[in-house]
Amino acid sequence: MSKIRFHKVAVLGAGTMGAGIAQVCAQAGSAVTLCDINDEFVQRGMQRIREFLQKGVDKGKTTEAQREDVLARIAVSTDRAAACAGVDLVVEAVPEKLELKNGIFRELGSVVAADCVLASNTSSLSLQKVFDGVPGQDRCIGWHFFNPVPLMKLLELVRTAHTSAATIAASQQYAALLQKEPILVKDSPGFASSRLGVCLGLEAIRMVEAGVASPEDIDKAMVLGYGHPMGPLKLTDLVGLDVRLAIADYLRTELGLEGFAAPELMRTMVAEGKLGKKSGQGFYSW
Ligand code: CAA
């Protein structure tokens, strides 16, 4: 087996996560096609990648040659079937809607080769449901990346009851090329990371709601008292309040635990468009 199992990769969804995933796959040496539903989205994704790489050059972490090398390995497309034809790996990073993800994977079943690995970047949805009805369940797996993808070391691999040992091994091997540390988790609501991370974020919002302390001081408690790199409210801003609200609602239903009931303040902020960093306003002004 050659060093890179995944020579050709399609990344579906050019948002924050998809752009980051395309970048790290290209950095690992794969030829990547970044695909989204329109040109504006793919161009925005490419802009994110260019800006990150440029920041790396400015910081002296990346050479100009490396930047150009990575960019040269990323093509863009708005045609999903064409982007996925002949690839060894598809990583899906579209919005967290079960029907959307499942529909895409069902459609791809007839487009990609039988040994093409199908990975979903879902942060909490049931992988069994995401891959329901997709031919070749043994090559289906969850690859949960973390934001900002190029900097965060974790890759949470989520196996369903059907994921083969070969698919897990290929994923672990590629994780090393991505310079990520993989963990292996069973398909269960919220996996290991989102279940714990969202729990902390929701409790922090309840504390703001109850006037326990300011967002800044609640965050400081976790940063200085517990050594977290970022407090739970700032992190909620970074991830997006809408994204975390959807996960909370899903986990509340799936796990049946009251602790995952979303605070009213969170719903109000999302309704008002205060989504965090991406909208310019959340618990902080960005
Ligand atoms: N290119 C290359 N290197 C870069 C870079 C770039 N563009 N930008 C930053 N870096 C490097 C820096 O040089 C620095 O390297 P050293 O440690 O060698 O000095 C390192 O990356 C950290 O960067 P900064 O010093 O600029 O920033 P920081 O120390 O504030 O760290 C952070 C930034 C990594 C984002 C940190 O704040 C952090 O870990 N925050 C928490 C993020 C988190 O929890 N993410 C998970 C969200 S949940 C999720 O994503 C799951 C989901 O499903 C939604």
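Above this text is the structure in question.
Conventions we followed
- Counting starts from 1 at the beginning of each chain's written sequence and moves along it residue by residue.
- The predicted origin of the model limits local features to residues at a pLDDT of at least 70 and limits the giving and counting of side-chain atom pairs to 80 or more, whereas totals for whole chains, interfaces and linings rest on all residues.
- No hydrogens and no water enter the side-chain calculation; it runs on all heavy atoms of the structure.
- Only DSSP runs of H or I with at least four residues qualify as helices, and only runs of E with at least two residues qualify as strands; both kinds are numbered from the N terminus onward.
- Two residues form a contact once any of their heavy atoms are found within 4.5 Å.
- Geometry of aromatic contacts follows a simple scheme: Phe, Tyr and Trp rings, the Trp one being its six-membered ring, pair when their centres are within 6.5 Å, and the pair is stacked under 30 degrees between planes, edge-to-face over 60, tilted otherwise.
- A 1.4 Å probe rolled over the protein chains alone gives each residue an accessible area, and that area as a share of the maximum for its type sets the label: buried under 20%, exposed over 50%, partly exposed in between.
- Placement of a charge over a ring requires the Lys NZ or Arg CZ to be within 6 Å of the ring centre, with the centre-to-atom vector within 35 degrees of the ring normal.
- The nearness test applies per residue and asks whether one of its heavy atoms lies within 4 Å of the molecule or strand.
- Polar contacts here mean pairs of N or O atoms no more than 3.5 Å apart (in protein, one a potential hydrogen donor and the other a potential acceptor; neighbouring residues in sequence count only if both atoms are side-chain atoms).
- Method for areas: the Shrake-Rupley scheme with a 1.4 Å probe, in which residue coverage is limited to the protein chains shown.
- Residues are sorted three ways: Asp, Glu, Lys and Arg are charged, Ala, Val, Leu, Ile, Met, Phe, Trp, Tyr, Cys and Pro are nonpolar, and all the rest, Gly among them, are polar.

Caption draft 1: Here's a closer look at the environment of Arg48. Relative to the helices and strands, Arg48 resides in helix α2 (residues 39-58). A sequence separation of 32 residues divides Arg48 from Thr16, and the C-alpha atoms of the two residues are 7.7 Å apart. Among all residues touching Arg48, those that are not within four sequence positions of it are Ala14, Gly15, Thr16 and Ala19.

Caption draft 2: A look at the packing of aromatic side chains. Taken as a whole and judged by the stated rule, the model has five aromatic pairs. Where Phe105 meets Phe131, the ring centres are 4.7 Å apart and the plane angle is 55 degrees; that geometry is what we call tilted. Here Phe105, found in helix α5 (residues 98-108), pairs with Phe131, found in the loop between α6 (127-130) and β6 (140-144); they are 26 residues apart in sequence, far enough to count as distant. Using a relative accessible area of 0% as the deciding quantity, one classes Phe131 as buried. Among the aromatic side chains, those forming a connected cluster through ring pairs are Phe6, Trp143, Phe145 and Tyr174. Sitting over the face of the ring of Tyr284, Lys234 holds its NZ or CZ atom 5.8 Å from the ring centroid.

Caption draft 3: Expanded view of the site of the ligand. Taken together, 16 residues are adjacent to the ligand, and Phe52, Lys61, Ser123, His144 and Asn147 come closest. Between the ligand and the protein, one listed contact pairs an oxygen atom with a side-chain N or O atom of Lys61 at 2.6 Å. The contact in question runs from an oxygen atom of the ligand to an N or O atom on the side chain of His144, over 2.7 Å. Within the complex, 63% of the 1100 Å² of free accessible area of the ligand lies under protein. Listing elements by their share of the shell around the ligand, those giving two or more residues are α2 and α10 (232-239). Here the residues of the shell around the ligand sort into nine nonpolar, four polar and three charged.

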